[in-house]
Amino acid sequence: MKIRLLSILLTLVAAPAILAQTWQAALDDDGGYAYGYAQADDLPMGFACTVRSVQNRPLIEVGAHEEQPTAPYNMRIEFWGPTIPETGVQTRTDMALWVDDTGYQLPPVVRDEFYGYWWVELSMGDSLYRTLGSASRLVLAVGQDAIWDVPVGDLDVALTQAQQHCAATLVATGNPAPAWFGPVPAAIPQAAAPAAPTSSDFTVPQQVIAYANRLCQGVATIDPQAFLAGDFDGDSVPDVVMDWNHVMCPPPMGRGFCGAANCSVDVFMSSKGYADPEQMLGAAPTLARQPDGRMGLMITGSFSLCGQNGENCARPWVWNGQALVRR
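Residues numbered from 1 in each chain as written. Predicted model: local features only at pLDDT ≥ 70, side-chain atom pairs only at ≥ 80, totals over all residues. Heavy atoms only, no water.

1. Examining the layout of surface pockets
Move 1: Put simply, the largest pocket is a space of about 1,300 Å³.
Move 2: Along the walls of the largest pocket sit 37 residues, with Tyr 37, Gln 217, Pro 250, Pro 251 and Pro 252 positioned nearest its centre.
Move 3: Only β2 (23-29), β3 (33-40), β4 (45-52), β5 (74-79) and α4 (206-216) provide two or more residues apiece to the lining of the largest pocket.
Move 4: Top element by residues in the lining of the largest pocket is β3. It accounts for five residues.
Move 5: In terms of residue class, the lining of the largest pocket is made up of 20 nonpolar, eight polar and nine charged. (1 Å grid on protein atoms, 1.4 Å probe; cavity = no way out; pocket = protein on both sides within 12 Å on 5 of 7 lines; lining within 4 Å. Points joined across faces, edges and corners; volume = space filled by probe spheres on them. Helix = DSSP H or I, 4+ residues; strand = E, 2+ residues; numbered from the N terminus. Nonpolar A, V, L, I, M, F, W, Y, C, P; charged D, E, K, R; others polar.)

2. Quick notes on the side chain of Glu 278
Move 1: Within the secondary structure, Glu 278 is located in strand β18 (residues 278-289).
Move 2: Look at Glu 278 and you get buried, because its relative accessible area is 14%.
Move 3: Engagement of the side chain of Glu 278 in a polar contact is seen with the backbone nitrogen of Leu 324, the distance being 3.2 Å.
Move 4: Sequence-distant contacts of Glu 278, that is, excluding residues within four places in its chain, are made with Val 265, Asp 266, Val 267, Met 269, Lys 272, Trp 319, Gln 322, Ala 323 and Leu 324. (Buried < 20%, exposed > 50% of the residue type's maximum accessible area, 1.4 Å probe, protein only. Polar contact = N/O pair within 3.5 Å; in protein donor to acceptor, adjacent residues only side chain to side chain. Contact = heavy atoms within 4.5 Å.)

3. Some points on α4
Move 1: Along α4, the positions that sit buried rather than exposed are Val 208, Ile 209, Ala 210, Tyr 211, Ala 212, Asn 213 and Cys 216.
Move 2: Gln 217 sits one or two residues past α4 and shows a positive phi near 55°.

4. Focus: the sheet that holds β4
Move 1: Taking strand neighbours across the sheet as the criterion, the seven strands line up as β2-β3-β4-β5-β10-β9-β6 in an open arrangement whose pairing is antiparallel. Taken across any chain shown, the strands that pair with only one partner, and hence form the sheet edges, are β2 and β6 (91-92).
Move 2: Pairing of β6 with strand β9 (residues 109-111), which is carried by two bridges, proceeds in the antiparallel orientation. Paired with Arg 92 across the bridge in β9 is Val 109.
Move 3: In the packing of helix α3 (residues 155-172) onto the sheet, contacts are made with β2, β3, β4 and β5, and the angle to β3 comes to roughly 175°. (Pairing = 2+ DSSP bridges. Axes fitted to C-alpha atoms, helices over the stretch in contact; angles between N-to-C directions.)

5. Brief notes about the nonpolar core
Move 1: Membership of the largest hydrophobic core comes to 42 residues, with the highest contact counts inside it found for Trp 23, Phe 47, Ile 77, Phe 79, Leu 106, Leu 128 and Leu 132.
Move 2: Considering each element in turn, this core owes the most residues, seven residues, to α3.
Move 3: When neighbours within four sequence positions are excluded, Phe 79 is seen to be in contact with Pro 44, Met 45, Ile 84, Met 95, Leu 106, Val 109, Tyr 117, Trp 118 and Leu 140.
Move 4: Within the second largest apolar cluster, 18 residues are counted, among which are Tyr 211, Val 247, Phe 268 and Tyr 274. (Core = buried A, V, L, I, M, F, W, Y, C linked by side-chain atoms within 4.5 Å.)

6. Focus on the pattern of salt bridges
Move 1: Inspection of every chain in the model, using the stated rule, returns seven salt bridges.
Move 2: Here Arg 76 ties to Glu 78 by a salt bridge, and the two come within 3.1 Å at their closest N and O atoms.
Move 3: Arg 294 is the partner of Asp 292 in a salt bridge, and the nearest nitrogen-oxygen pair spans 2.9 Å.
Move 4: Judged by relative accessible area, Asp 292 falls into the partly exposed class, the value being 41%.
Move 5: Judged by relative accessible area, which is 33%, Arg 294 ranks as partly exposed.
Move 6: In the salt-bridge network here, residues are joined through shared partners; they are Arg 92, Asp 94 and Asp 145. (Salt bridge = Lys/Arg side-chain N within 4 Å of Asp/Glu carboxyl O.)

7. Some details on the pairing of strand β7 (residues 95-99)
Move 1: Extensive coverage of β7 is indicated by the burial of five of its five residues.
Move 2: Pairing of β7 with strand β11 (residues 138-142), which is carried by five bridges, proceeds in the antiparallel orientation. Its bridge partner lying in β11, Met 95 is registered against Val 142.
Move 3: Sheet analysis places β7 next to strand β8 (residues 102-105), joined by four bridges and oriented antiparallel. Within β8, the position partnered with Val 99 by the bridge is Thr 102.
Move 4: Linking β7 to β8, which pair antiparallel, is a turn of two residues; within it Asp 100 sits at a positive phi near 55°.

If you want it as C-alpha cells, here you go:
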C-alpha cells in the first residue's frame, strides 16, 4: 500500500544511516534449494528468495529441511540485529519503506522465533520492488521506534540478479514466469551436487554430511582430514569420527565448534544409522587398536581435559555396547 504524505518526509531528513557500501547478489544452489540474496556488508537488512533446486536432492540429505521456501516469484525482505528495536511484540504492522518521496506500508512483519530475524514476503511484481530499481533514497520506518536511511548503491543490480536466479530455477522446474515478470534466462548455471568427502578407504555417509550442514545452518565445507573410519561397535561396518577442527561453516559462524584449544569431536555409529553421534571435546583424534582386538579412539586436548600429566588423554575411548567410555 502506497503512502503519499509528503509532510512525513520532514521527519525522515535526519534518519540515521545503516552502515553499508554497495549491494551485491549472492547466488547459491545446494541441491535442495536455490537461493537468491541481495545483501550489503554490515547491513542488517536483505532481500531473499528460496526455491526448490533443479537437482531436487532430499532436503535432509543437504541439511536444508528447516529452510523456509518462498512462494513462486515471491521475495522476502529480512531484518535482523538492531533494525527492529526489541519491544516484546512478535508482529509489526507499522513498518514502511520510503522510496524517494513515496512510502510503502509493509504487510505484517513477523519474527522468526527459531532464527531470530524478522521477515515479510511480497510478490516480485509488487510495486515496491518495481520502484526500488530507480531509487535514489530508501528509508525504513519502524513505526515510531526507529527510522533508518538505507544505502541504495547497486541495489537494482543485486535485486535483479537474485530474482533472475530464482526465476530461472522456477522455470526449469516447471513453474513458468508470470507475464509481468518479463524475460527469464533460458538456462540456469547449475552448481554440481557436492560430492561426499572421502577418506583413503571409505565414503562418508550422507547422514554425517547432513548433520554438519544442519549444525552449520548452511552448507559446511569439510576437509577430508576431518574424518576417520573405524569399527568401534563391532558390526564390521565402519563408524565415522568427525573432527570439527577441519570443518568450516558459512559466515558468520565460521569455525564455530572450536575454542582456543579444543574442538568438538563427533563419532557416528553405523549400528545407530549414523544418527545421534557420540559428542566429545578435544584435539587430534586417532584410532588405536586395543589388545583385546577392539578399536579405540585416542583424543588429546588442553590441560583441563587431559588432567595432570595427561593421564586422562592417555586412556582410549572404547564402545561398551551403548556408548563410548574411557577405558
